[in-house]
Amino acid sequence: AGLRSAMGVGVSHMKNDLTIIQTTQGFCRYLEKQFTDLKQRGVVISFDARAHPTSGGSSERFARLAATTFISQGIPVYLFSDITPTPFVPYTVSHLKLCAGIMITASHNPKEDNGYKVYWENGAQIISPHDQEISQAIEDNLEPWPQAWDDSVINGSPLLHDPSASINKDYFEDLKKYCFHRSVNRETKLKFVHTAVHGVGHNFVQSAFRAFDFVPPAAVPEQKDPDPEFPTVKYPNPEEGEGVLTLSFALADKTKAKIILANDPDADRLAVAEKQDSGEWRVFSGNELGALLGWWLFTSWKEKNQDPSALKDTYMLSSTVSSKILRAIALKEGFHFEETLTGFKWMGNRAKQLIDQGKNVLFAFEEAIGYMCCPFVLDKDGVSAAVISAELASFLATKNLSLSQQLKAIYVEYGYHITKASYFICYDQDTIKKLFENLRNYDGKNNYPKTCGRFEISGVRDLTTGYDDSQPDKKAVLPTSKSSQMITFTFANGGVATMRTSGTEPKIKYYSELCAPPGNSDPEQLKKELNELVSAIEECFFQPQKYNLQPKAE
């Protein structure tokens, strides 16, 4: 839903003054065409703490240049005066009924990168056709307008508004509606550690805890303040697991905290770890936390809504590469589950459609540790997810249950869902194309593989070409895109595996899952079977030696 690349000089670097000016000029012209009331409503712009000293670029400078472009055309801009989490932009679009939003961030990417993320008037990230049409408008407006570089012109402009104070207040007021056990929070003996991983999250998570009447979590001191160098981590991505959490483990052991909450640098994602009775730390996967939060939000909603007829208008969403655990819960409990294409831009837009039809969207998640727990933000939000996870853990503690024990109870009740995901790094587009074309022509012209090692394949869906052999007309139901690679294999043993290219990083990712029916299946046996399936996929389909792919660094 935007652009992402390294900061630096030249048109191949997305992040420098010129590319920001060109992008915003194109976006501005496109918005003028789409909205007759753009000059009354305006846009919101915010930024994270990224900076690139050698080229002079920073998220704040880029945000000011973008604001300059709009204000030069008489369009009001709500520009935050300081860093915010990414979800504050979609929140502001919806809350102030603006035409669009821009967030300058590269989320959890390496420190060299930056990005430009775009939200539409519905409060969700842009999808087609807006993306292609904005792209074309940028191409048509490459020459910088007069004063494009002079961001001092916005100082004192009546069109410049700072929404920081009012949005901060209103966001946390709205968040309070998702606090179900205030007295438990006040009295809990459970201790928490939070890390912002050198990003924007610290102050906002502290405020969220106060909104829920919690004692604020202990903050990892070396990582709580924004630092664009991310000096204590190799990658500022809590998804990478234990390497990013080393300092959190140390502080938690010192303060006797049982739960660690970790945001990525723009605070739209959340990782959670729990100290086990063995003394080991367990870092939950995105799918495991999705199961816990989905169960919790449904359970909390059901307590307030005893009328069974309300279930027919209640929905949960997840992306097609995420665990199907919500589908299993929905089947048993009687609410609706839908899956979308990968990424919150799809879930946010679908959630808005459902809300506009009078439906109740309780929760949406993706396995890449993204959670939408409160539909007043139609995107993933690591701030709300952090405090809701804390309340879930505190509530379970009153029943002498840990998150791990509750997760096991969910799997026993709704069926074990064992997942495994990883990736290979590949910088060469031609190699990626060859790898996927080989899968489409595995044993001759236009034939997909029938087996993978010893595992028989029972179905293939290719969302690059639009093929799905499970449909009567062999056409995929989900939207297709020729510009990205994505193939899903269903196996006779109940396994599902998807291979896809990343939209924001040079990675070919895979996601695999084995789903068992409810009852006492053997999770260890399922894990063993899934590991064997994944090994076969890596060896037969990825062929890392043949294609010279770099494995994920452990």
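As recorded by an unreviewed UniProt entry, the protein chain carries the name Phosphoglucomutase-2-like protein and is attributed to Equus caballus. According to its UniProt record, the protein chain has this under Cofactor (unreviewed entry): "Mg(2+)".

Right, let's talk about helix α16 (residues 523-542) for a bit. Relative to the 28 Å expected for 20 residues at 1.5 Å per residue, α16 spans 27 Å between its end C-alpha atoms, a close match to the ideal helical length. The first or second residue beyond α16 is Gln 543, which carries a positive phi of 45°.

So, on to the nonpolar core. Residues Phe 27, Ile 45, Phe 70, Phe 363, Tyr 371 and Met 499 are the most contacted members of the largest nonpolar core, which totals 156 residues. At ten residues, the largest contribution of residues to this core is made by helix α13 (residues 382-398). When residues no more than four places from it in sequence are discounted, the contact partners of Phe 70 are Thr 24, Phe 27, Cys 28, Leu 31, Val 43, Ile 45, Ile 75, Val 77 and Ile 102. Judged by nonpolar contacts, the second largest core, of ten residues, contains Phe 344, Met 347, Ala 351 and Leu 378.

Here we take up helix α9 (residues 242-255). The end-to-end C-alpha distance of α9 is 19 Å, a good match for the 20 Å that 14 residues give at a rise of 1.5 Å each. All of the buried residues in α9 are Val 244, Leu 245, Ser 248, Phe 249, Leu 251 and Ala 252. Among the structural elements, β9 (192-195), β10 (218-219), β11 (259-263), β12 (270-275) and β13 (281-283) are those in contact with the buried residues of α9. Two residues or fewer past α9, Lys 256 is found with a positive phi of approximately 60°.

Moving on: the pattern of salt bridges. Tallied over the entire structure, the rule returns 35 salt bridges. Between Asp 264 and Arg 269 there is a salt bridge; the shortest N-O distance is 3.7 Å. The two residues Asp 264 and Arg 269 agree in class, both being buried. Beyond isolated ion pairs, a larger network of salt bridges with shared partners links Asp 17, Arg 61, Arg 64 and Asp 151.

What follows covers the sheet that holds β13. As a general point, the strands of a sheet are linked pairwise by backbone hydrogen bonds and lie either parallel or antiparallel. Spatial ordering of the open sheet is given by β10-β9-β11-β12-β13, a layout of five strands whose pairing is mixed. What marks the edges here is a single partner per strand, and that holds for β10 and β13. Most of the contacts of α9 go to β13, to which it runs at about 140°, and overall it touches β9, β10, β11, β12 and β13.

Entries for the protein chain in the domain assignment read domain 1 (3-163), domain 2 (171-286), domain 3 (304-381 + 393-413) and domain 4 (416-551). The C-alpha-based centres of domain 2 and domain 3 are spaced at 22 Å. Of the residues lining the interface, 29 residues belong to domain 2; the matching set on domain 3 comes to 23 residues. Taking both partners together, domain 2 and domain 3 bury about 2100 Å²; carbon and sulfur atoms supply 63% of that area. Joining domain 2 to domain 3, the criterion identifies one salt bridge. Linking Lys 380 and Asp 268 is a salt bridge whose minimum nitrogen-to-oxygen distance equals 3.7 Å. Remark: the boundary between domain 2 and domain 3 carries nine residue pairs in polar contact (both at pLDDT 80 or more). Among the elements that make up the side of domain 2 that touches domain 3, the one with the highest residue count is β12 (four residues). Considered class by class, the residues forming the side of domain 2 that touches domain 3 number 15 nonpolar, six polar and eight charged.

What follows deals with the UniProt feature "domain: Alpha-D-phosphohexomutase alpha/beta/alpha" (unreviewed entry) in the protein chain. Here the UniProt-annotated "domain: Alpha-D-phosphohexomutase alpha/beta/alpha" (unreviewed entry) positions come out as residues 2-141, 170-275 and 286-413. Secondary structure content for residues 286-413 is 54% helix and 16% strand, while the C-alpha to C-alpha distance between its ends is 20 Å.

Following Ser 128, the chain continues into Pro 129 via a peptide bond in cis, with omega recorded as 5°. Along the chain, Pro 129 falls in the loop between β7 (113-119) and α5 (130-139). The backbone phi angle of Lys 97 is positive, close to 55°, even though this residue is not glycine. Inspection of the secondary structure assignment puts Lys 97 in the loop between α4 (88-96) and β6 (100-104). For Lys 97, a relative accessible area of 61% translates into the label exposed. Even without glycine at this site, Asp 213 takes up a positive phi of about 65°. By secondary structure assignment, the location of Asp 213 is in the loop between α8 (202-211) and β10. Note on Asp 213: relative accessible area 26%, which makes it partly exposed.

What counts and what doesn't
Residues numbered from 1 in each chain as written. Predicted model: local features only at pLDDT ≥ 70, side-chain atom pairs only at ≥ 80, totals over all residues. Heavy atoms only, no water. UniProt positions renumbered as here; feature names shortened; annotations may be inferred. Helix = DSSP H or I, 4+ residues; strand = E, 2+ residues; numbered from the N terminus. Expected span 1.5 Å × (residues − 1). Core = buried A, V, L, I, M, F, W, Y, C linked by side-chain atoms within 4.5 Å. Buried < 20%, exposed > 50% of the residue type's maximum accessible area, 1.4 Å probe, protein only. Contact = heavy atoms within 4.5 Å. Salt bridge = Lys/Arg side-chain N within 4 Å of Asp/Glu carboxyl O. Pairing = 2+ DSSP bridges. Axes fitted to C-alpha atoms, helices over the stretch in contact; angles between N-to-C directions. Domains from an automatic or database assignment. Buried area = accessible area lost by both parts, 1.4 Å probe. Polar contact = N/O pair within 3.5 Å; in protein donor to acceptor, adjacent residues only side chain to side chain. Nonpolar A, V, L, I, M, F, W, Y, C, P; charged D, E, K, R; others polar.

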